[in-house]
Amino acid sequence: MFDGYDSCSEDTSSSSSSDESEEEVAPLPSSLPIIKNNGQVYTYPDGKSGMATCEMCGMVGVRDAFYSKTKRFCSVSCSRSYSSNSKKASILARLQVTGKPPTKKAKVLQKQPLVAKLAAYAQYQATLQNQAKTKTAAVPVEGFSWGNYINSNSFTAAPVTCFKHAPMGTCWGDISEGVRVEVPNTDCSLPTKVFWIAGIVKLAGYNALLRYEGFENDSSLDFWCNVCGSDIHPVGWCAASGKPLVPPRTIQHKYTNWKAFLVKRLTGAKTLPPDFSQKVSESMQYPFKPSMRVEVVDKTHLCRTRVAIVDSVIGGRLRLVYEESEDKTDDFWCHMYSPLIHHIGWSRSIGHRFKRSDITKKQDGHFDAPPHLFAKVKEVDTSGEWFKEGMKLEAIDPLNLSAICVATIRKVLADGYLMIGIDGSEAADGSDWFCYHATSPSIFPVGFCEINTIELTPPRGYAKLPFKWFDYLREMDSIAAPVKLFNKEVPNHGFHVGMKLEAVDLMEPRLVCVATVTRIIHRLLRIHFDGWEDEYDQWVDCESPDLYPVGWCQLTGYQLQPPAPQTSRDSQSSSSKQKKKAKSQQYKGHKKKRKIPVGKKPVSLSSLPMAGGVRRSFSGDDELTPPPYRTLPAQTAPEAFQPPRTSREFSPGLKTGN
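Sequence order as written defines residue numbering, which begins from 1 separately in each chain. Thresholds applied to this predicted model are a pLDDT of at least 70 for local features of residues and 80 or more for the giving and counting of side-chain atom pairs; totals over whole chains, interfaces and linings are not thresholded and use all residues. Each side-chain value is worked out from all heavy atoms of the structure, with water and hydrogens disregarded.

1. Observations concerning the nonpolar core
Nonpolar side chains tend to gather and get buried jointly when the protein is soluble and globular.
Move 1: Counting 72 residues, the largest nonpolar core has Trp172, Leu210, Phe276 and Ile527 as its most contacted members.
Move 2: Buried Ala, Val, Leu, Ile, Met, Phe, Trp, Tyr and Cys residues form a nonpolar core when they are joined through side-chain atoms within 4.5 Å. Burial here depends on accessible area, computed with a 1.4 Å probe over protein chains only, as a share of the maximum for the residue type. Under 20% is buried, over 50% is exposed, and the range in between is partly exposed. Membership of the second largest hydrophobic core comes to 37 residues, among which are Leu418, Phe444, Phe486 and Leu524.

This is how it looks when you write it as structure tokens:
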């Protein structure tokens, strides 16, 4: 596999093969080690070594890829044009590039002046790119980098295999520390793009800390990159693609025989599968397309669904616009495998409430999403002992995901679906009941919180504290749902406390934030949003499609929300100390709102007040689409930061900014 690699030290200043050239080419540094590929030495684009220049059009490229045995032309058409009456046009083209008329010495075969100009232009472009990189790197004083964040705090990240719904989640394979890859060599003065071999020192989700081969224990040039990026290749890719392998300038004189070094280092080493990039591409193909019609929960009435149109798809996350929204501002974000979306006709089939659209017929171009695209739920046997209306249980409140509350089954639907209400905070008309499947990991039998030392949120206004289920059931003249009816499956998910990941703030579902797993109860994860108080944490299932590996946002082009800056944390901490009270089991009431970024209004899932018979609901604001950045954006000013939130308050007059 590595027989095509060789090394040599050449005085490339002699690459100007003709003394008759009217312009001299700037020589390369002497004794620069270059790797051979299939016997061909790759050096400066001088038309003689690894690179060649088309004698017709002047294009510079890899010599082996050129047409004919002589490698004088880049294509058949250039070869034929050259031999025809187009020879004169070729000379005129060269005249425009060099700025001097051709002389007898500057024959068509002597293209050195042209190559010199092309090389100078390539060097100029490389300089501009380096300057651009420097400018980008200088800005993130307030920016965020997963690599720096993990390195500076010695964090660990959840492995990609924990996220079956994410790209490569089911085919990540044996990618681990020690795997070798071919990557661009940034420690090089050549104007052309060259590569070198690097090993994975540390993995953090999709991101890998790489170290060039030959640096041994020297970490001075270590760098982070996304393993699924376009510049990461398996060992052998350069040989197959005709790309040059050049050792980093810092260590170029460390070894005299680079081929022997590589053979020794790479023998028995692991690399990426040959079809890795193809698998990445295939895993990022999503079946949902814009203009598809679906049924999704009505964010103003949790108890019903509405028809929505898929507006855009980013990394499997859907921006859905409710069908009746003429200006497309009434939207909802969720993953394509979310339990909140269903095929058209689902509500009618199970007896779920549904808001009929005022639009009598489909708009042109809109079509129903096929039922097989949606996440399947486990079939249940409802013929025997089953859930009944009035039974009590414990459930994660969908409008305050940090709380597990006392709840009641309000209605039993078909196919194992249940309508559930939170005791003490239900609307009189039941408009804030929510639908969970019987196998949902968000509902638990009575006593679950007590057994697992989780604080259970009692009904609002309930006076007999501390809360005791036995007393409450007797007072309500109710019974607990049988334990055997709940989902007890606990997959080997691979999460551990302290692992970092990227998580959707389900109270602001367009936002994906830097987060940490702080507690694990069977399959239930406590997700903490870095930089914010614990009251904004959310309970999430280990297989939730709203959790992603580190680097997911960068891979898919979604914008990542960094941790809150120190200034926000300080003000937040001082504010909480002033209001801090002794812990109790009583209802915590409304939680404070977080700041909204200047000029941004999130798609919120905050609720209306729960007093009296007023319904709780999801509410939507003006900001519609997260900027699909492919790079990690610079962090906004501290006072303009958008954190995840779990507020139950409703502020129709809320302004952006401070």
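2. Some remarks on the sheet that holds strand β10 (residues 223-226)
Move 1: If you trace the 5 strands from one edge of the open sheet to the other, you get β10-β9-β8-β7-β11, paired in antiparallel fashion. Edge positions in the sheet fall to β10 and β11 (233-234), since each of these pairs with one other strand and no more.
Move 2: Set on the sheet, helix α4 (residues 146-153) makes contact with β8 (195-204), β9 (207-212) and β10; between it and β10 the angle comes to about 130 degrees.
Move 3: Sitting on the sheet, helix α6 (residues 258-266) touches β7 (180-184) and β8, and the angle it makes with β8 is about 30 degrees. Strands qualify as paired when DSSP identifies two bridges or more between them. Under the scheme used here, helices are H or I runs from DSSP no shorter than 4 residues and strands are E runs no shorter than 2 residues, and both carry numbers assigned from the N terminus. Residue contacts follow a heavy-atom distance rule, with two residues in contact if any of their heavy atoms lie within 4.5 Å. Interaxial angles span 0 to 180 degrees and are taken between N-to-C directions of axes, which are lines fitted to C-alpha atoms, for helices over the stretch in contact.

3. Thoughts on the side chain of Thr305
Move 1: Examined against the element boundaries, Thr305 turns out to sit in strand β13 (residues 301-314).
Move 2: By relative accessible area, which is 3% here, Thr305 ends up buried.
Move 3: Think of a polar contact as two N or O atoms within 3.5 Å of one another; within protein, one of them needs to be a possible hydrogen donor and the other a possible acceptor, and neighboring residues in sequence only count if both atoms come from side chains. A polar side-chain atom of Thr305 sits 2.5 Å from a polar atom in the side chain of Ser347.
Move 4: When near neighbours in sequence (up to four residues on either side) are disregarded, Thr305 contacts Glu295, Val296, Val297, Asp298, Trp346, Ser347, His352, Arg353, Phe354 and Lys355.

4. Some thoughts on unusual backbone geometry
Across residues other than glycine, the phi torsion is negative in most instances, and most of the peptide bonds are trans.
Move 1: In this structure, Pro466 follows Leu465 across a cis peptide bond, with omega equal to 0 degrees.
Move 2: Turning to its location among the elements, Pro466 is positioned in the loop between β24 (456-457) and α10 (469-476).
Move 3: Look at Met168: it is not a glycine, yet its phi comes out positive at around 65 degrees.
Move 4: Within the secondary structure, Met168 is located in the loop between β6 (156-157) and β7.
Move 5: Looking at Met168, the relative accessible area reads 1%, which means it is buried.
Move 6: Its identity as a non-glycine residue notwithstanding, Ser291 has a phi of 85 degrees, on the positive side.
Move 7: Inspection of the secondary structure puts Ser291 in the loop between α7 (276-283) and β12 (292-298).

Purely geometric stuff here, so don't read any function into it on its own.
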